[in-house]
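Chain by chain, the residues run as shown.
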Amino acid sequence: MVNGKNCVNKTLLVKTNRNTTATNDNILLQCESDNTTDASHFDKHFWRNVNVLTNPCNFCKIKTNSLFTRPTTSAIDLSALENLTTTTKRSAVCGIHCVWCSRTYHTKCFEKLDELLKTECDYGTLRNIIVRPQCIRKYPDRFRAVNDDKTLNMDSPLIVFINKRSGGQIGEKIYKKLLKILNPRQIFLLDNNQTILNALEIYFELSNTRICIFGGDGSVGWVVEKLADFYHELNNPPVAIGPLGTGNDLSRVLGWGDIYDSKRLLSTLLKIPKSHPIPLDRWHVVVEPLSQILSSSSSLPISITSTDHKHRNKVDLRNSKYQQDFLLNHNTPKFIRESNRPSYLNHRTLPNSYFINYMSFGLDAAIALEFHDKRTRDPEKFSSPFKNKFMYLNESRKYMGDFTKSNRWNLSAYLTLICDDQNYTNSVRNCHTLIVLNIPGYASGTNPWGKSSSNSSTSRDFASSNHVPTTSISLPIAEESYELVTLNKNSTKSPDTTTSISSLVFNDQHFGDKMLEVVGLSATHMGLIHVGCSGIRIAQCNQVRIEINTSMTAQLDGEPFHLPASNVVKIKHSGQVMVLRHSN
Ligand SMILES: [Zn+2]
Ligand SMILES: [Zn+2]
């Protein structure tokens, strides 16, 4: 075993039996109880002999091993060395270490301690997040964590999920490290849905639990989805993030950092109990064929049926010969022109029905899909976050050249955008990417919506989240000379097009206000958002409907996929989950 906490000594509550079937190396192993009912029994140190002190001795504050009597090879002849008995080997022990509180002593220093210091364990600096071994009970068919001893000092017992595949080999290293400093029963590898549900079931009855997810945005979205299924709204253990992905946008927004730093692992864990729970919106996505809407609009899962009727004429227009001719004869973008390319073939279904960060359409998704495909085929080249970023920029460069030359192309020719029943299609006429944002973060640390003037989008707390202050924004307007292509002729007559964009007023952006921000980006914007510029603000709304005329690439929380032609994408609010905001 990696750390010896769960198999070294029978005085521990849990010990493993490896003759069991297990899909997860950690949680499904069967354990035996030592049948001890005296809770105080477990608040003793669990000492292990060690050959090398990895921390300074808690008594003399010295790390060196010189205080010990180590047998030297010069003092023992070879035959004697080969016949070392277990007893002789023990004499090589240099010190003693508690697997729970991590206190370490030289053996000689340990002998000088009074009895209380030798026995009573307070679980050390991580005492507030370590799950006490006596809290894990074994039942005939499962484990459960309970705390019926109110004297236990356990402010925020932590459930840790780790995606070992995230961040190259970093996930694996974190897993091994945490097994040494926490209770192995509170650490779970992200393996499959059942692994997550098992963990939630074990800890369902333990109060004040918090969760930390070590992984990328995809891992966070995965666990959050299961939390939303498992708990009533806002009753889930709030979530902190250890950023191991390429983007880590939610982690940045919540203050957990843009990249994992091993030197800060301990301090990050210690900040989890002090962090502030705050609600995060979730958004439900449905993709349906446009033809289905025309034939059975009464059975739509999203209640914007009246809008469907209003836009029937436009659907007819899009299917017209005029459009077909246009698409064939004009310089269409790569991801539409090459819709049968191999990299799209395995990504033709919606990767998820929910998002928490963003959904996007067009150029950015095409780049992401190409990148994703290359990473799947050749994972060796994508073994670290740094390499991933380099490869991503390389893919972007190929597409950017294509798009900056193609000024005839614009998104309004290929989709219809409706936000809260208002048609905004004309607003994306100069855009190559359309983004529907939930959080003020996108594409590894950018914010295409731009900062709010009051800069309060990340500072409002749960109590005030129902009050949305009105702030007048000075809007960045794209001054780009794209030729206007108007296939969706109806869209040019929509009410919004007569409104000057600069006269619009938006509320502060916040991930818990049940509102989405809709932003358009040209190819130029896509480069400039990385140096702090923002895109074209289109709308702030709580329902979005996007009708796709042609096949198109799209992205959902960083997962790219390819949408076939003549589909409608409907986005609506789908509850909230609690997350943790880390403030310095
Ligand atoms: Zn201890
Ligand atoms: Zn010492």
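Positions within a chain are numbered from 1, following the residues in the order the chain's sequence is written. To read the labels, note that chains go from A and ligands from 1, taken in the order they are written. Owing to the predicted nature of the model, reporting of local features is limited to residues with pLDDT of at least 70; listing and counting of side-chain atom pairs is limited to 80 or more, with chain, interface and lining totals taken over all residues. Only heavy atoms go into the side-chain values, all of them from the structure, while hydrogens and water stay out.

What follows covers the overall build of the chain. Here a helix means four or more residues in a row that DSSP labels H or I, a strand means two or more in a row labelled E, and each is numbered from the N terminus. The helix and strand inventory of the chain stands at 18 helices and 25 strands. In the chain, which comprises 584 residues, the share counted as buried stands at 53%. Intrachain contacts of the chain at a sequence separation of at least 6 include 75% that bridge at least 24 residues. Working definition of accessibility: Shrake-Rupley area with a 1.4 Å probe, residue cover restricted to the visible protein chains. On the chain, roughly 26,400 Å² of surface is accessible, and the fraction owed to carbon and sulfur atoms is 50%. A simple rule labels every residue: compare its accessible area, found with a 1.4 Å probe on the protein chains alone, to the largest value its type can have, and call it buried under 20%, exposed over 50%, or partly exposed in between. Contacts are residue-level and defined by heavy atoms, with any inter-residue pair within 4.5 Å sufficient.

A separate point is the pattern of salt bridges. Any Lys or Arg side-chain nitrogen located within 4 Å of an Asp or Glu carboxyl oxygen qualifies as a salt bridge. All chains considered together, the criterion is met by twelve salt bridges. The shortest N-O distance in the salt bridge between Glu 205 and Arg 144 comes to 2.9 Å. Taken together, the residues Glu 205 in the loop between α6 (193-203) and β10 (210-215) and Arg 144 in strand β7 (residues 142-145) connect sequence positions 61 residues apart. The salt bridge involving Glu 547 is made with Arg 545; its shortest N-O contact spans 2.9 Å. Among the residues examined, Glu 547 registers a relative accessible area of 1% and is labelled buried. In this structure, a network of salt bridges that share partners links the residues Arg 103, Asp 122 and Arg 127.

Distances define the donors: N, O and S atoms within 2.8 Å of the metal qualify, as do those within 3.2 Å of Na, K or Ca. Water is excluded, so some sites may look unfinished. Coordination of the zinc ion (ligand 1) by the protein is provided by His 45 (ND1), Cys 98 (SG), Cys 101 (SG) and Cys 121 (SG), with metal-donor distances spanning 2.2 to 2.3 Å. Between the four donor atoms coordinating the zinc ion (ligand 1), the angles at the centre fall across 98 to 120 degrees, so the site counts as tetrahedral. Of note, the zinc ion (ligand 1) draws all its donor residues from one chain, in the sequence arrangement H-x52-C-x2-C-x19-C. Accessibility assignment for this pair places Cys 98 and Cys 101 in one class, buried. The rule is simple: four donors are tetrahedral if all their angles sit between 85 and 135 degrees, four are square planar and six octahedral if opposite donors span more than 155 degrees and the others lie between 65 and 115, and anything that fits none of that is irregular.

All right, on to the coordination of the zinc ion (ligand 2) then. Within the protein, the zinc ion (ligand 2) binds to Cys 57 (SG), Cys 60 (SG), His 106 (ND1) and Cys 109 (SG); these donor distances fall in the range 2.1 to 2.3 Å. If you look at the zinc ion (ligand 2), its four donor atoms make angles of 94 to 116 degrees with each other, and the shape they trace is tetrahedral. For the zinc ion (ligand 2), the donor residues sit on a single chain with the sequence spacing C-x2-C-x45-H-x2-C. Placement of the pair is Cys 60 in the loop between β3 (47-50) and α1 (78-82) and Cys 109 in helix α3 (residues 107-111), with a sequence separation of 49 residues. Exposure remark for Cys 60: the relative accessible area of 24% places this residue in the partly exposed category.

Quick look at unusual backbone geometry now. Notably, Asp 420 is not glycine yet its phi reads approximately 45 degrees, a positive angle. Relative to the elements of secondary structure, Asp 420 occurs in the loop between β15 (415-419) and β16 (422-423). In this structure Asp 420 comes out as partly exposed when scored by relative accessible area, which is 33%. Of note in the backbone geometry, Lys 514 takes a positive phi value of approximately 60 degrees without being a glycine. Looking at the element boundaries, Lys 514 is found in the loop between β19 (506-507) and β20 (516-521).

Our next topic: the environment of Thr 119. Here Thr 119 shows up in helix α4 (residues 115-119). When its relative accessible area of 32% is taken as the criterion, Thr 119 is described as partly exposed. Between the C-alpha atoms of Thr 119 and Trp 47, which are 72 residues apart in sequence, the distance is 9.2 Å.

Strand pairing is assigned whenever DSSP identifies at least 2 bridges connecting the two strands. An order of β21-β20-β17-β14-β23-β24 is seen for the six strands of this open sheet, with the pairing classed as antiparallel. The strands lining the two open edges of the sheet, one partner per strand, are β21 (536-541) and β24 (559-563). The average undirected angle you get between the axes of adjacent strands in this sheet is 20 degrees. The sheet contact formed by β20 and β21 spans five bridges and is antiparallel. Paired with Leu 516 across the two strands is Cys 541, which belongs to β21. As a rule, the C-alpha atoms of each element are fitted with a line to give its axis, helices using only the stretch in contact, and angles between N-to-C directions run from 0 to 180 degrees. Each of β14 (358-362), β17 (433-437), β23 (552-556) and β24 is contacted by helix α16 (residues 363-377), which is oriented at about 95 degrees to β14, the strand it contacts most.

Turning next to helix α7 (residues 217-230). With 14 residues, α7 ought to run about 20 Å at 1.5 Å a step, and its terminal C-alpha atoms sit 20 Å apart, in line with that. Of all the residues in α7, the buried ones are Asp 217, Ser 219, Val 220, Gly 221, Val 223, Val 224, Glu 225, Lys 226 and Leu 227. In a helix, the anticipated span is given by 1.5 Å times the number of residues less one.

Our next topic: the nonpolar core. Among buried residues, those of type Ala, Val, Leu, Ile, Met, Phe, Trp, Tyr and Cys that are joined through side-chain atoms within 4.5 Å constitute a nonpolar core. Counting 75 residues, the largest nonpolar core has Phe 161, Ile 162, Leu 178, Leu 182, Tyr 203, Phe 214 and Leu 269 as its most contacted members. Where each domain begins and ends follows an automated or database-derived domain assignment. Counting contributing residues, this core receives three or more from each of domain 1 (125-274) and domain 2 (283-458 + 467-581). With 32 residues, the next largest nonpolar core counts Trp 283, Cys 431, Val 518 and Cys 541 among its residues.

A few words on the sheet that holds strand β5 (residues 104-106). Read across the open sheet, the three strands follow the order β3-β4-β5; overall the sheet is antiparallel. Two strands bound the open sheet, and with one partner strand each, they are β3 and β5. Taking the axes of each pair of neighbouring strands and ignoring which way they run, one obtains an average angle of 25 degrees across the sheet. Alignment of β3 against strand β4 (residues 95-98), held across four bridges, turns out to be antiparallel. Residue pairing for β4: Asn 49 is matched across the bridge by Ile 96.

Right, let's get into the confidence of the model for the chain. A residue-level look at the chain finds 66% of positions with pLDDT of 70 or above and a mean pLDDT of 75. Contacts from residues 68-91, a stretch scored under 50 in pLDDT, to residues over four places away or in other chains number 16 contacts. A score between 0 and 100, pLDDT records how confident the predictor is in each residue.

Across the five residues that make up β24, a large majority, four, are buried. Pairing between β23 and β24: five bridges, direction antiparallel. Following the sheet pairing, Met 552 is matched in β24 by Leu 563. Where β23 folds back onto β24 in an antiparallel hairpin, the turn is made up of two residues, including Asp 557, whose phi is positive at roughly 50 degrees.

Below, the discussion takes up the packing of aromatic side chains. A pair of aromatic rings is counted whenever rings of Phe, Tyr or Trp (Trp by its six-membered ring) have centres within 6.5 Å, and the orientation is called stacked for planes under 30 degrees apart, edge-to-face for over 60 and tilted otherwise. Tallying each qualifying case throughout the model produces twelve aromatic pairs. Considering the side-chain rings of Trp 47 and Phe 110, the 5.0 Å spacing of their centres and the 70 degrees angle between planes classify their relative orientation as edge-to-face. With a gap of 63 residues between them, Trp 47 in strand β3 and Phe 110 in helix α3 connect regions that are remote in the sequence. The same class applies to Trp 47 and to Phe 110, which are both buried. With a centroid separation of 5.0 Å and an interplanar angle of 80 degrees, the aromatic rings of Tyr 358 and Tyr 442 are classed as edge-to-face. A residue pair is termed long-range when its members are at least 10 positions apart, and Tyr 358 in strand β14 and Tyr 442 in the loop between β17 and β18 (470-471) qualify at 84 residues. Judged by its relative accessible area of 4%, Tyr 442 is buried. Above the ring of Phe 143, the side-chain terminus of Arg 185 is found at 4.9 Å from the ring centroid. Two conditions define a charge located above a ring, namely a distance within 6 Å from the ring centre to NZ of Lys or CZ of Arg, and an angle within 35 degrees of the ring normal. Sitting above the plane of the Tyr 354 ring, Arg 282 keeps its charged end 4.2 Å from the centroid.

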